[in-house]
Structures are given as C-alpha cells and as structure tokens.
Amino acid sequence: MIRHDPRLKGFASDNYAGVHPEILQAIADANGGHQISYGDDVYTEALQDIFRRHFGDRARAWPVFNGTAANVISLRAMTAQWEAVICPETAHINTDEGGAPEVAGGIKLLTVPTPDGKLTPELVDRQAWGFGDVHRAQPKVVSISNTTELGTVYTPGEIAAICAHAHERGLLVHLDGSRLTNAAAALDVPLRALTTDAGVDVLSFGGTKIGLLYGEAVVVLNPEAATGVDYIRKTFMQLSSKMRFVSAQFEALLSGDLWLRNARHANAMGRRLAEAVRDLPGVEVPRPVEANAVFAVLPADVTQRLQKRFRFYTWNEATGEVRWMCAWDTTEADVDAFAAAVAEELGVQPS
Ligand SMILES: Cc1ncc(COP(=O)(O)O)c(C=O)c1O
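The following paragraphs examine the structure supplied in this document. These numbers were taken from a predicted model, which means no experiment stands behind them. (Residues numbered from 1 in each chain as written. Predicted model: local features only at pLDDT ≥ 70, side-chain atom pairs only at ≥ 80, totals over all residues. Heavy atoms only, no water.)

### So, the sheet that holds strand β9 (residues 313-316)
- Taking strand neighbours across the sheet as the criterion, the three strands line up as β8-β10-β9 in an open arrangement whose pairing is antiparallel. Both outer strands of the open sheet, β8 (293-297) and β9, are each paired with one neighbouring strand and no more. On average, adjacent strands in this sheet sit at an angle of 35° to one another, irrespective of strand direction.
- Here three bridges tie β9 to strand β10 (residues 321-325), and the two strands are oriented antiparallel to one another. In the sheet register, Thr-314 faces β10, and the bridge partner there is Val-322. (Pairing = 2+ DSSP bridges. Helix = DSSP H or I, 4+ residues; strand = E, 2+ residues; numbered from the N terminus. Axes fitted to C-alpha atoms, helices over the stretch in contact; angles between N-to-C directions.)

Structure representation (structure tokens):
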C-alpha cells in the first residue's frame, strides 16, 4: 500500500529523499540464501577493498546505521576519558545530535564560533590550550564537517592546513563526512583529496543522504588514531546482524560513479535554485551556495505560506533565515516549481 503521494518533494533535507533504484537493486541482489551475520559476510569483506580504493591502503571501514553513531563511535575511539574534541559551534555533533556525544559517548566538546561553519588553524587555537593542566579536559581531536552545516565546502588545502596544525600540537582530526560526496563533487576532486591526502585521521562517511536506504561508515584512515572500533560499535548498539545489506548498498554507491552522479546532481539543483531566487525582491541568499544547501532570508509571512505548500525548515527564527536542501532525486521541474512558488508568495509577477 502506498500511503503518500510519491510526486511530492520538498526542500527540507536530503534524507527526505527515497532510495536510489540502483541501491534498492543491490539490496535485492544480496537477498538470496543465508550469509554469516554480524559483518562476516562476503559483501562486508568486499567493501574493505572498495573503501581502500577510495581512501588508500590503510583505510578500514566499519558500517553503522546512522551518522550520529558514526560520529560518536569515531570520537570515542579517538579519545581517552579525560580528552576533548574541538569543533565549530555550529557542528552537527554540537547542535543536532541530542547531546549524543556527551550523553552516549561521554565526550566533552570544546566549541568555537565561526563565521561560516569552518574552522581554521587560528580558530582551532581558541580551544587548543591547557595541555597538561589537570583542571582542563585535554584537547585531543579537531572535528570538522565537509560540507559544513552552513552549506560551505572546505578545500583540500584548507583541510591540510588544519590537519598539519592539529598534528603539530598532538591533536588528531576527525571529519564528519555526512555529505563528503557533495563536497568532493563540488570541487571535482576524489574523496581521498579531502580526507586521506589532506591528513584526516578518522572519517564518518555518509551514505543515507546520497541515496542509501540507511548506512554510514566509520572509516579509520590512520590506524594509530583510533582503538577498539570493533568493540565500541557493538557496545554502542551499532553492530548490524544483517550487515550484508548495509555493505551491499555501499558497494553499489562506491564501486562505480553512483556517488558522484548523485552528488553532482544534488549540487546542480542547489545552484539552480539559488540562481532562480537570488534576484527576487524580498529574498536574500546570505551564504555562498557551494553544494546542495541554499540558505535564504524571507519575510516571515512568506515562509509560513510557502511551508504550507513545500516542506523546509526555518534555520533561524530571529533572522527569518530558512534552509533549502536539494537531494539526489530533486528534479529541475521540482526546483522550478518551488522557485515559482517563492515568487508567487512574494507577489512577484512572472516576467
Ligand atoms: C553533518 C551531519 N552529520 C551527521 C548527521 C547525522 O546523521 P543521522 O541523522 O543519520 O544520525 C547529519 C544528519 O543530518 C548531518 O547533517
């Protein structure tokens, strides 16, 4: 039974989208007979080679169910009980994970305000101090997200500068790559250019937002940076018994160019949307549109009317800023219909 109108799409999040048909097919293909449970299946074994191809010979991946878990497991594996994680104030681990790093992981976050969601070596130093002071949680990890929560993209050079700076101070670097595919597609670089080659130690790699049914992965790029991931994943309730179905999805995403096709498309829809609304009187696009997120400031009554027609979130009630996300399945027609609705609710006459 279909309980919703499959023609309706919104701009709330890339995880409102469904499952890419090639991913669904991979799940169906993996479905016959029995396979050993808990990750000792042939799909999970094959996955290691695929991750090594993208991220280098030392990479090892641990599939998990969701991105919050990938982050918390990564950070727990990188820190001792007395150590802490430096991150932007806007980081997903700080704002949108219900306190999971603190509550489930027991991890202290040391946050830094940033203008655009991005850390720099100078901003890292706002919290990289107090080493050896028994009264201060000891900084151990710098965590950045690419793309960031504000839709911006770190370049390989920016990440390399953060990693070099962090490593000089004995800090490790974690990258929340819930949308790493979008960042790589935006810059037209391989996934490893933004991770392994830049010096990132541990990555949370995102699959759900780019077409998987579900599935993210903890990817350890520097084996010296994380310990106990096998055990932490289990005690954090993220060891999937039917792991073959998570791994088969990642194989479909990463063995060919599906990740790139999906990411390029979502980014192109973001650009199309930004261009369509940017010059409308009453709309401001206050942040650079570098991947698949468009932020806009609208009059509150316009937002309210639009939200009755299309789903999207208000980012900041005080400023009237909203966030529009494009997904792998957003079409040009979806964007054009939405942009036309924005114009209509603003009272702009079609030219
Ligand atoms: C940057 C970032 N990291 C992590 C996550 C967490 O993913 P999940 O909702 O699967 O736990 C999200 C989800 O929105 C995200 O945007």
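Now that the structure is up, let's keep going.
### A few points about the packing of aromatic side chains
- Using the criterion set out here, one finds 14 aromatic pairs in the structure.
- Between Phe-11 and Phe-310 the ring centres are 6.4 Å apart and the planes differ by 55°, which places this aromatic pair in the tilted class. Note that Phe-11 is positioned in the segment before α1 (21-29) and Phe-310 in the loop between α12 (300-309) and β9, a separation of 299 residues in sequence. Assigned by exposure class, Phe-11 and Phe-310 land together as buried.
- Between the aromatic rings of Phe-11 and Phe-338, the centroid separation amounts to 4.4 Å while the plane-to-plane angle is 20°, which identifies the pairing as stacked. With Phe-11 in the segment before α1 and Phe-338 in helix α13 (residues 332-346), this residue pair connects regions lying 327 residues apart in the sequence. (Phe/Tyr/Trp six-rings, centres within 6.5 Å; stacked < 30°, edge-to-face > 60°. Buried < 20%, exposed > 50% of the residue type's maximum accessible area, 1.4 Å probe, protein only.)

### Details of the sheet that holds strand β7 (residues 216-220)
- Here we have seven strands laid out as an open sheet, ordered β1-β7-β6-β5-β4-β2-β3, and mixed in their pairing. Every interior strand has two partners, whereas the edge strands, β1 (60-64) and β3 (108-112), have only one. The mean angle between the axes of side-by-side strands here comes to 25°, regardless of whether they run parallel or antiparallel.
- Across five bridges, the pairing between β1 and β7 is antiparallel. Pairing of Ala-61 across the sheet is with Val-219, part of β7.
- With respect to the sheet, helix α3 (residues 67-78) is in contact with β1, β2 (83-88), β4 (138-145), β5 (172-177), β6 (202-206) and β7, its orientation differing from that of β5 by roughly 175°. (Contact = heavy atoms within 4.5 Å.)

### Some thoughts on empty space enclosed by the protein
- Applying the stated criterion to the full structure yields one cavity of 30 Å³ or more.
- Empty space within the largest cavity amounts to approximately 40 Å³.
- Lining the largest cavity, in full, are Thr-147, Thr-148, Glu-149, Gly-151, Arg-179, Asn-292, Ala-293, Phe-295, Arg-323 and Met-325.
- Elements supplying a minimum of two residues to the lining of the largest cavity: β8 and β10.
- By residue class, the composition of the lining of the largest cavity is three nonpolar, four polar and three charged. (1 Å grid on protein atoms, 1.4 Å probe; cavity = no way out; pocket = protein on both sides within 12 Å on 5 of 7 lines; lining within 4 Å. Points joined across faces, edges and corners; volume = space filled by probe spheres on them. Nonpolar A, V, L, I, M, F, W, Y, C, P; charged D, E, K, R; others polar.)

### Notes on the site of the ligand
- What surrounds the ligand is the set Asn-66, Gly-67, Thr-68, Asn-71, His-92, Glu-97, Glu-149, Asp-176, Ser-178, Arg-179 and Lys-209.
- Between the ligand and Asp-176, the relevant distance is 2.6 Å, taken from a nitrogen atom to a side-chain nitrogen or oxygen of the residue.
- At a separation of 3.3 Å, an oxygen atom of the ligand approaches a polar side-chain atom of Arg-179.
- Within the complex, the protein chains bury 82% of what would otherwise be the 390 Å² of accessible surface of the ligand.
- Counting residues per element, the shell around the ligand draws most heavily on α3, which supplies three residues.
- When the residues that make up the shell around the ligand are grouped by side-chain class, the tally is no nonpolar, six polar and five charged. (Near = heavy atom within 4 Å. Polar contact = N/O pair within 3.5 Å; in protein donor to acceptor, adjacent residues only side chain to side chain. Areas by Shrake-Rupley, 256 points an atom, 1.4 Å probe, with all protein chains shown as cover.)

### With respect to α1
- Listing the buried residues of α1 in full gives Ile-23, Ala-26 and Ile-27. In a view along the axis of α1, the buried residues occupy a sector of 100°, so they form one face of it. Exposed positions of α1 whose direction lies more than 90 degrees from the buried face are Pro-21 and Asp-29.
- Against α10 (244-254) and α11 (258-278) lie the buried residues of α1. (Arc of directions from axis to C-beta.)

### Digging into the nonpolar core
- Phe-51, Phe-55, Phe-205, Val-219, Phe-250 and Leu-253 are the most contacted members of the largest nonpolar core, which totals 56 residues.
- A total of seven residues in this core trace back to one element, the largest contributor, which is α10.
- For Phe-51, the contacting residues outside a window of four places in its chain are Gly-56, Ala-59, Ala-61, Phe-205, Ala-217, Val-219, Phe-250 and Leu-254.
- In terms of nonpolar packing, the next biggest core, distinct from the first, is built from 25 residues, Ala-274, Phe-338, Ala-339 and Val-342 among them. (Core = buried A, V, L, I, M, F, W, Y, C linked by side-chain atoms within 4.5 Å.)

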